[in-house]
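Chain by chain, the residues:
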Amino acid sequence: MVQTVLVVDFGGQYNQLIARRVREANVYCELVSFEKIREKIAETDPIGLVFTGGPASFNEPGAPRIDADILDMGIPVLGICYGCQLIAGTLGGAVGNGPREYGRRTLDVTERGSKLFAGVAEKSACWMSHTVYIEKLPRGFVTSATTETCPVAAMENADKKLYGVQFHPEVMHTEEGFKILKNFLYEVCGATGEWTMSGYVERTVAELKAKIGGKKALCALSGGVDSAVAAALVHRACPDLVCIFVDHGLLRKGEAEEVVRVFRDGQGMDLIAVDAGERFLKKLEGVTEPERKRKIIGEEFIRVFEAEAKKIGKVDYLVQGTIYPDVIESGLDHSATIKSHHNVGGLPDVVDFKELVEPLRLLFKDEVRRLGFELGLPEAIVMRQPFPGPGLAIRIIGDITADKLEILRDADFILRDEIAKNRLDREIWQYFAALTDIRTVGVMGDERTYDYTVMIRAVTSADGMTADWARIPYDVLQNISDRIVNEVKHVNRVAYDITSKPPATIELE
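Residues numbered from 1 in each chain as written. Predicted model: local features only at pLDDT ≥ 70, side-chain atom pairs only at ≥ 80, totals over all residues. Heavy atoms only, no water.

Undergrad: How do you make sense of the overall build of the chain when you look at a structure like this?
TA: When helices and strands are tallied, the chain shows 14 helices and 18 strands. A principal-axis box enclosing the C-alpha atoms of the chain has dimensions of 75 × 65 × 40 Å. Expressed as a percentage of the 509 residues in the chain, the buried residues total 58%. Excluding contacts between residues fewer than 6 apart, the proportion of contacts in the chain whose partners are at least 24 apart in sequence is 73%. Working note: accessible area of the chain is about 21,800 Å², and carbon and sulfur atoms make up 48% of it. Seen as two clouds, the 62 positive and the 76 negative side-chain charges of the chain have centres 1 Å apart. (Helix = DSSP H or I, 4+ residues; strand = E, 2+ residues; numbered from the N terminus. Buried < 20%, exposed > 50% of the residue type's maximum accessible area, 1.4 Å probe, protein only. Contact = heavy atoms within 4.5 Å. Areas by Shrake-Rupley, 256 points an atom, 1.4 Å probe, with all protein chains shown as cover. Lys, Arg positive; Asp, Glu negative; His and termini not counted. Charge placed at Lys NZ, Arg CZ, Asp CG, Glu CD.)

What follows is the structure in structure tokens.
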């Protein structure tokens, strides 16, 4: 069993970032709700626990709690922000209001022999976000770091391997944060750094061989990064894998033809291409609510696969490219559901396959790309920008028609063409055009128009969990706008979305 660290979720905004940082240190981790910590410990036998931050205050009624014996199991624990306060309060310390700290502060390490701060500068910048503080340490603990206004910026009981930090080591603003996390993982927990993509391939292929055996597996191949990597990984374990590509009529311009060319001809996969555009469009007729669109598309995907499976004989397993952000955003334990992904929350209740196989379910997007290279997939596939399973259906605000799809395809093609021409395609993580349901007055050729507004969305990100809007040069934006309004019929206005994630999501719906 691979060494595992559990990142225990108390509702903080940086929880997924903590998990990514742990994995970047070559240590496998999983996010788990604080309410399921005991059963998850029994299941995974973790080498360490990381308690995340959260919006609650320890002294508030109903604030998240854990049983004190969790801290007496001999498992190393690192508490971050609320997690630090939780350790203190649970073990008999006192947590009080103030002093409040937000943003950049200077961290002063006072316990130079601390394993947590080994090799860390005596003074460095850290990122704070709290309104309460530890006013009394639990018995057996010492203060290991302070700031000018926070007397206990870090505490520890080295004998019991219990550590707490009031700041956020997972964010980039904390200069020595990654080093501190690595110290906890390697110096305190005894991690060996075995979480590598080569190791993941070896373990997963062996598991898939044992699971699938000589039975038939069918892969949902969209042509995107996730499904492509999932197909390549499963193909190593199951050479008879059959891939089905469903053209739901919601793809970008020329994309259906490209998918067939790359995966059937270039990769030599057993690929069945199904033209189901009219079927999907009919099901989506008149539907405007985003979640309904996703649910309809998710169910239709499954129904198409079931129909194709019957043509090729009994199929036991359906392979999908579900990744960890999909799982988290579709609702992880008690986390809020942000949106249902067509291959997670959008699945129908009854699926006519023995079981789903999701070999990427616990990987972040950057890990999926590394895995793709490890499997020998070409860069053109691995570095392809993300494209949602529901396709252009969630990039058209309001109802979906064939005419709207053509407008959006043409506008999106221009955007992608200009981004590539200006060599911005490797700098921008995701970029696309969306067709709003806003129609405005314009003047074209001395005539009044009343046509659609196209919205451009472009973001920078590492894994899709957080994102910032891309600073596309003004001259490039001007070229994009000029070409769209001149070359695409029924568009007279172009807008650029400059909202980050959070508060927005990357997709509009």
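Undergrad: What's the story with the pairing of strand β2 (residues 28–33) in this structure? I'm lost.
TA: For a regular strand, the rule is simple: side chains alternate between the two faces of the sheet. Burial runs high along β2: six of the six residues are buried. On β2, burial covers both faces: Tyr28, Glu30 and Val32 on one face and Cys29, Leu31 and Ser33 on the other are all buried. For strand β1 (residues 4–9) and β2, the ladder comprises six bridges, and the chain directions are parallel. Each bridged residue has a counterpart across the sheet, and for threonine 4 the counterpart in β2 is tyrosine 28. For the handedness criterion, the β-α-β arrangement of β1, helix α1 (residues 15–24) and β2 is classed as right-handed. (Pairing = 2+ DSSP bridges. Right-handed = clockwise from strand over helix to strand, strands pointing away.)

Undergrad: What should I look at first to understand unusual backbone geometry in this one?
TA: Glycine aside, residues mostly have negative phi angles, and peptide bonds mostly take the trans form. A cis geometry characterises the amide bond from lysine 501 onward to proline 502, with omega recorded as -10°. Locating proline 502 in the fold gives a position in the segment after β18 (491–497). With omega at 15°, the peptide bond leading from proline 502 into proline 503 counts as cis. Relative to the elements of secondary structure, proline 503 occurs in the segment after β18. Positioned with a positive phi, cysteine 81 is a non-glycine residue whose angle comes to about 55°.

Undergrad: What is the right way to read the packing of helix α5 (residues 197–212) against helix α11 (residues 365–374) from this model?
TA: Between two packed helices, the angle of one axis relative to the other and the distance separating the axes together describe the packing. Running from amino to carboxyl end, α5 crosses α11 at an angle of 75°, the nearest separation of the two axes being 9 Å. Relative to α11, the element α5 lies roughly perpendicular. On the side of α5, the interface is formed by Met197, Ser198, Tyr200 and Val201, while α11 contributes Glu367, Arg370, Leu371 and Glu374. Per-class residue counts for the contact of α5 with α11 are four nonpolar, one polar and three charged. (Axes fitted to C-alpha atoms, helices over the stretch in contact; angles between N-to-C directions. Parallel < 35°, antiparallel > 145°, perpendicular 65-115°, else oblique. Nonpolar A, V, L, I, M, F, W, Y, C, P; charged D, E, K, R; others polar.)

Undergrad: Before we go on, may I ask you to explain the nonpolar core in this structure?
TA: Considering soluble globular proteins, one finds that nonpolar side chains tend to be buried as a cluster. Core analysis: the largest hydrophobic core is formed by 96 residues, its most contacted members being Phe305 and Leu371. No other element matches helix α6 (residues 225–237), which puts nine residues into this core. Beyond its immediate stretch of four places on either side in the chain, leucine 371 contacts Met197, Tyr200, Val201, Val229, Leu233, Leu360 and Leu363. Counting 39 residues, the second largest nonpolar core, distinct from the first, contains Met128, Ala153, Leu185 and Val327. (Core = buried A, V, L, I, M, F, W, Y, C linked by side-chain atoms within 4.5 Å.)

Undergrad: What exactly am I supposed to notice about the sheet that holds strand β11 (residues 242–247) here?
TA: Hydrogen bonds between backbone groups are what pair the strands of a sheet, and the pairing can be parallel or antiparallel. Spatially, β12-β11-β10-β13-β14 is the arrangement adopted by the five strands of the open sheet, whose pairing is parallel. Of all strands in the sheet, those with a lone pairing partner are β12 (270–275) and β14 (355–357), marking the two edges. Strand-to-strand twist across the sheet, computed as the mean angle between neighbouring axes with direction ignored, equals 30°. Bridge count between strand β10 (residues 217–220) and β11: three bridges; the pairing is parallel. Each residue of the ladder has a partner; that of leucine 218, found in β11, is valine 242.

Nothing here speaks to function; it is all geometry.
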